[in-house]
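Chain and residue survey
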Amino acid sequence: MDTRIIGGKIAKARKAMGMSQARLAQQLYISPQAVGKWERGESMPDITTFNRLAEILDVDLNYFSESAPAEANEVSPDESPAKQPVKEVDTLSRSQERQVQIDLTAVDLQKSDFAGVVLHKGKFEVSPLRGANFAGADLTGSSFKTLDAREANFDGANLTDCNFSITDLTDASFHKSILVRTTLTMSGQGARFTDVTLIDVNLNRTDLRKTIFEHCIFNGVDFNHCDLQGLCFEGQTFTGVRFNKSALKDVSFRGATLRNVSFTLPFSLTNKSYHIFKTACFDGATMDKLTYAALKGLRVTDLSKVIVI
């Protein structure tokens, strides 16, 4: 089947109903991004979803076949105008469907498929999530308090206002995830964040050793008492970021861009933290004058190859 043709028919029928992508997604319990992908021909619903689409968009299931004309919501010759209000009431009833809060506490959710779901303020507590798939899901305001989320997939997921308190995120993937006002308290090592913009994110007492950050933008992020030893931030962008009493041994900022970035070193009677900070590398980094001045004032780190703007 040609996904572009199917996508065009979905879009045409949706618009004929005066329905937004967000409203259609809500009635299907999926993300608006998933609907957008259908309509752009990038993916296609499964057969069960086609049945539900036909109901919501008030079309015959055959409407979605490639050979059928793309004409949605037309009144058939034997259907009188008097029957139209019944259809309108039915449509209104479906539009008012509510999402029942499902209890996911203390449930074994390993390898569960949550791709594209919409679940706001969900609670995943004491629930094993190893290998669970949350790709493209809208999990706004949800909390994750669990021991094992190894190999979980959060690619493209909306994690706005979410709270993570997870012991093990080894090999978990956050590719193009939406991280806004997200709080992360993690002990596990080895999560991968790629092509992610972190906005107003708080990382508290988090063990980030062996965590991978690639092509990320950090905006308003706080690293509070985090273990960042050996991390590679090369070529990435930091704006309004605080490194507050975090372990920075062998951290690399080569080629990174730092604007309004603060480094507060852990207190030590022996100046151990200052000696450790000497191992951080800023070669080729670009900094604003304030960030550069603050770092230079510590008289610890080699800034001879820094570009000041």
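Residues numbered from 1 in each chain as written. Predicted model: local features only at pLDDT ≥ 70, side-chain atom pairs only at ≥ 80, totals over all residues. Heavy atoms only, no water.

Time to look at helix α1 (residues 3–16). For α1, spanning 14 residues, the distance from its first C-alpha to its last is 20 Å, which sits close to the expected 20 Å at 1.5 Å a residue. Turning to α1, its buried residues are I6, G7, K9, I10, A11, A13 and R14. For α1, the secondary structure elements touched by its buried residues are α2 (21–28), α3 (32–39) and α4 (47–56). Following α1 by one or two positions, G18 has its phi on the positive side, about 70°. (Helix = DSSP H or I, 4+ residues; strand = E, 2+ residues; numbered from the N terminus. Expected span 1.5 Å × (residues − 1). Buried < 20%, exposed > 50% of the residue type's maximum accessible area, 1.4 Å probe, protein only. Contact = heavy atoms within 4.5 Å.)

This part takes up the state of the cysteines. With the rule as written, the count across this model stands at 0 disulfides. You can see C281 has no disulfide; the closest cysteine sulfur is in C232, sitting 9.9 Å from it. The exposure class assigned to C281 is buried, which follows from its relative accessible area of 12%. (Disulfide = S-S within 2.5 Å.)

Turning to the confidence of the model for the protein chain, a few remarks are in order. Looking at the protein chain as a whole, its pLDDT mean stands at 85, while 86% of the residues score no less than 70. Low confidence marks residues 73–96, where pLDDT is under 50. Its contacts with residues over four positions away, or in another chain, come to 18 contacts. (pLDDT = per-residue confidence, 0-100.)

On a regular strand, one side chain projects to one face of the sheet and the next to the other, so that they alternate. Note: strand β3 (residues 163–168) against strand β6 (residues 183–186), 4 bridges, orientation parallel. From the neighbouring strand, I166 faces β6, where its bridge partner is M186. Sheet topology places β6 next to strand β9 (residues 202–204); 2 bridges connect them, and they run parallel. Looking at the pairing, T183 lines up with N202 of β9. (Pairing = 2+ DSSP bridges.)

The next subject is the side chain of D222. With respect to the helices and strands, D222 occurs in strand β12 (residues 222–224). Of the residues examined, D222 reaches a relative accessible area of 15% and is grouped as buried. Contact partners of D222, with chain neighbours within four places excluded, come to V201, N202, L203 and R242.

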